[in-house]
Amino acid sequence: MIATKSYAAQKAKEALGPFSIQRREPGEHDVLIDIAYCGVCHSDIHQAKDEWGGSIFPMVPGHEIAGKVAKVGAAVKKFKVGDSVGVGCFVDSCRECPSCKEGLEQYCTNGMNATYNGYEKDKKTPTYGGYSTHITVDENYVLRIPSSIPLDKAAPLLCAGITTYSPLRQWKIKTGDKVAVVGLGGLGHMGVKLAAAMGAEVTVISTSDKKKDDALKLGAKHFLNSKAPDAFKNYTGHFDFILNTVSANIDFNSYLALLKRDGTMVQVGAPDKPVPVHVFSLIMGRRRLAGSLIGGIKETQEMLDFCGEKGLGADVEVIPMNKINEAYERMIKGDVHYRFVIDINSLK
Ligand code: NAP
Ligand code: ZN
Ligand code: ZN
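Everything numeric here is computed off the predicted structure, so don't read it as measured data. (Residues numbered from 1 in each chain as written. Chains lettered and ligands numbered in written order. Predicted model: local features only at pLDDT ≥ 70, side-chain atom pairs only at ≥ 80, totals over all residues. Heavy atoms only, no water.)

Asker: Which residues make up the overall build of the protein, and what are the values?
Answerer: Scanning the protein from terminus to terminus reveals ten helices and 17 strands. Counting only C-alpha atoms, the protein reaches 60 × 40 × 35 Å along its principal axes. Taken across its 348 residues, the protein has 55% of its residues classed as buried. Pairs at least 24 apart in sequence give 68% of the contacts found in the protein among residues at least 6 apart. Accessible surface, the protein as shown: approximately 15000 Å² in total, 52% of it carbon and sulfur. Here the protein carries 43 positive and 39 negative side-chain charges, and the mean point of each set is 3 Å from the other. (Helix = DSSP H or I, 4+ residues; strand = E, 2+ residues; numbered from the N terminus. Buried < 20%, exposed > 50% of the residue type's maximum accessible area, 1.4 Å probe, protein only. Contact = heavy atoms within 4.5 Å. Areas by Shrake-Rupley, 256 points an atom, 1.4 Å probe, with all protein chains shown as cover. Lys, Arg positive; Asp, Glu negative; His and termini not counted. Charge placed at Lys NZ, Arg CZ, Asp CG, Glu CD.)

Have a look at this one:
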């Protein structure tokens, strides 16, 4: 076993602090990764605070992992020592169900093995995430990071990047489509960059007026402050597609009204409480409300390669490990520009 330093929450809502874990020595098909950076996703906060229920403690969060291969098992074909690699939200899955066979492991009917707050394939060894110095992962669940993306800017692509890329591709966003991105945080800012790179005319809908200049720099054409009186007045039936990345509940009905006929609003933000939807918000204009969960390995690699070609990465604020609790507080207030990324060297 490999003694590994990490940061963990010992209980729900407790501050994170130093914790020692063990990683397995790489088996035949495993890759040992020396973690360089780990992004901080709002899902880390939801789970560390047990807002979704069923959280497993102690919890080492982190599923936006970027680093270098330190060691490979004898049968590993895809990677060699020194390669730049990433790990996202899951480290294994059943590999047999229809979703796994289609490369949609995130929808594994037997349940994917989450990178943290889950269990290994034995269903009893808890998984620990990327707020740690090393991780051992089967090569089939490891992604290659293009050399053109610095590792700190690449880490958030492993969740924020793929979570926004996947629905944009699924709903075939193309040049000229009017796309709104709601919430300009980690997911939102990647949603803006990716939709703009696909040729869409992007509008950011935000509660923070001071993010306007950044929204435009990230690639948006328009900015709407959702708190302004009559903010949506001239936008009824305006958008082809809305990507809602907000980590709290918003009034779905007022956003659905902004869709054109046959438009779709995709929910990626994951607050814990149900949201009332008026059926007329959908019936009128044959509008759709859908959800989307991260992305499979194949599509995640496609997204990384797309970002490599287009020169895209996340806008990051790099923090040492011991600033994590402060970063959580700032994210809860919407004070994020636009992804906190932990410099894992500060833990070594
Ligand atoms: P984040 O960086 O904290 O950004 C969330 C943004 O939502 C904030 O910056 C803020 O943007 C807006 N917001 C926050 N509270 C709000 C409120 N009360 N009313 C209106 N707007 C509010 O979070 P993230 O990491 O991007 O994650 C966003 C959500 O996606 C989380 O719920 C997370 O769990 C979920 N998620 C889902 C998936 C999936 O597969 N579906 C994957 C990853 C994350 P403004 O300042 O611009 O208003
Ligand atoms: Zn995430
Ligand atoms: Zn499966």
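Asker: Give a description of the coordination of the zinc ion (ligand 2) that names residues and reports values.
Answerer: Looking at the zinc ion (ligand 2), one finds its protein donor set to be Cys 41 (SG), His 63 (NE2) and Cys 159 (SG), positioned 2.0 to 2.3 Å from the metal centre. In primary-sequence terms, the residues that donate to the zinc ion (ligand 2) follow C-x21-H-x95-C. Taken together, the residues Cys 41 in the loop between strand E3 (30-39) and helix H1 (42-48) and His 63 in the loop between H1 and strand E4 (65-72) connect sequence positions 22 residues apart. For Cys 41, a relative accessible area of 3% translates into the label buried. (Donors = N, O, S within 2.8 Å, 3.2 Å for Na, K, Ca; no water.)

Asker: Lay out unusual backbone geometry in plain terms, naming residues and giving numbers.
Answerer: In this model, Phe 57 is joined to Pro 58 through a cis peptide bond whose omega is -5 degrees. Within the secondary structure, Pro 58 is located in the loop between H1 and E4. Positive phi is not limited to glycine here, since Asp 230 has a value of about 60 degrees. For Asp 230, the position within the fold is in the loop between strand E12 (222-225) and strand E13 (239-244). Here Arg 286, not a glycine, exhibits a phi torsion of approximately 45 degrees, which is positive. Take Arg 286: it is sitting in the loop between helix H8 (279-283) and strand E15 (288-291). Residue classification places Arg 286 among the exposed positions, given a relative accessible area of 53%.

Asker: Give me the lowdown on the coordination of the zinc ion (ligand 3), citing residues and values where you can.
Answerer: Of the protein atoms, only Cys 94 (SG), Cys 97 (SG), Cys 100 (SG) and Cys 108 (SG) coordinate the zinc ion (ligand 3), at distances of 2.3 to 2.4 Å. Taken together, the four donor atoms coordinating the zinc ion (ligand 3) and their angles of 103 to 117 degrees define a geometry best described as tetrahedral. Spacing between the donor residues of the zinc ion (ligand 3) along the chain follows C-x2-C-x2-C-x7-C. With Cys 97 in the loop between strand E6 (90-92) and helix H2 (98-101) and Cys 108 in the loop between H2 and strand E7 (113-114), the pair connects residues that are eleven residues apart, well separated along the chain. By relative accessible area, which is 6% here, Cys 97 ends up buried. (Tetrahedral: all angles 85-135°; square planar, octahedral: opposite > 155°, others 65-115°.)

Purely geometric stuff here, so don't read any function into it on its own.
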